[in-house]
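# Examining the three-dimensional arrangement
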Amino acid sequence: MQKSLFREKSMARASYPEQLDAGIQVVNPGVWMVLAAVCLFLASLLIWSMIGALDVITEEKGYSDGTSVYLFLDEEEVVSVQKGMEACVLEESGRVEAVSDIPVSYQEAAEFLGGEGMAHALLMTEGDWKYKVELSGIHVKKGVCHVRIVTERQKPISYFFE
């Protein structure tokens, strides 16, 4: 008897041509679903990074006299604030109306605000020299308020190319 290079069982299985027409499942359909979900997420992230915006905000305490809001900022903070920038107090929004070029002393600020108590409420101390910033278009009740100024607006994709 002559020995064959292949087993008889394997030769019998390969001799049926119907098996050649059958599809072979290489990857489970669940894997394709996960891959499609990941691709959809990455595409939406890319679109958001091109059309979305991230705000860089300066937050500070301010004083409202009922018609305008005033802030007193340090030299480091006032550098990023310019006339026309968007500002927000509570739900009211407005714009930066004026930014002082010359700092005011603690005494001048206290006199403007109506007393040292209000100057202390705005976190000013004796010997401070701060720049006065006026906001317009914001009508909140008189007193101390929390102010947010949008100093810069960037597209998220710009962080990838810096």
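So, here is what we can say about the structure in this document. (Residues numbered from 1 in each chain as written. Predicted model: local features only at pLDDT ≥ 70, side-chain atom pairs only at ≥ 80, totals over all residues. Heavy atoms only, no water.)

## Quick look at the packing of aromatic side chains
- A full pass over the atoms with the stated rule returns two aromatic pairs.
- A centroid spacing of 4.9 Å and a plane angle of 80 degrees characterise the contact between Y70 and F112, whose relative ring orientation is edge-to-face. Taken together, the residues Y70 in strand 2 (residues 69-73) and F112 in helix 5 (residues 106-113) connect sequence positions 42 residues apart.
- Residue class for Y70 comes out buried when judged on its relative accessible area of 11%.
- Accessibility expressed as a relative area gives 36% for F112, which makes it partly exposed.
- Of the aromatic side chains, those joined through ring pairs into one cluster are Y70, F72 and F112.
- One cation-aromatic arrangement involves K132 over F112; the distance from NZ or CZ to the ring centre is 4.1 Å. (Phe/Tyr/Trp six-rings, centres within 6.5 Å; stacked < 30°, edge-to-face > 60°. Helix = DSSP H or I, 4+ residues; strand = E, 2+ residues; numbered from the N terminus. Buried < 20%, exposed > 50% of the residue type's maximum accessible area, 1.4 Å probe, protein only. Lys NZ or Arg CZ within 6 Å of the ring centre and 35° of its normal.)

## Some remarks on the environment of F72
- Structurally, F72 can be placed in strand 2.
- When its relative accessible area of 3% is taken as the criterion, F72 is described as buried.
- Separated by 10 residues in the primary sequence, F72 and G62 place their C-alpha atoms 7.4 Å from one another.
- The residues contacting F72, other than those within four sequence positions of it, are V104, A109, F112, L113, L122, M124, K130, Y131 and K132. (Contact = heavy atoms within 4.5 Å.)

## Topic: the pattern of salt bridges
- Counted by the stated rule, this structure contains three salt bridges.
- When the shortest N-O distance is used, the salt bridge between R153 and D55 registers 2.6 Å. One end of the pair, R153, is in strand 7 (residues 143-154); the other, D55, is in strand 1 (residues 54-64), and 98 residues separate them in sequence.
- It is possible to trace a salt-bridge network through shared partners that takes in D55, E86 and R153. (Salt bridge = Lys/Arg side-chain N within 4 Å of Asp/Glu carboxyl O.)

## Regarding the pairing of strand 3 (residues 86-89)
- Residues A87 and V89 of strand 3 are buried on one face, while the alternating residues E86 and C88, pointing to the opposite face, are not.
- As paired elements, strand 3 and strand 7 share three bridges and run antiparallel to each other. The partner of A87 across the bridge, within strand 7, is I149. (Pairing = 2+ DSSP bridges.)

Everything listed here is a matter of coordinates, which is why it stays silent on function.
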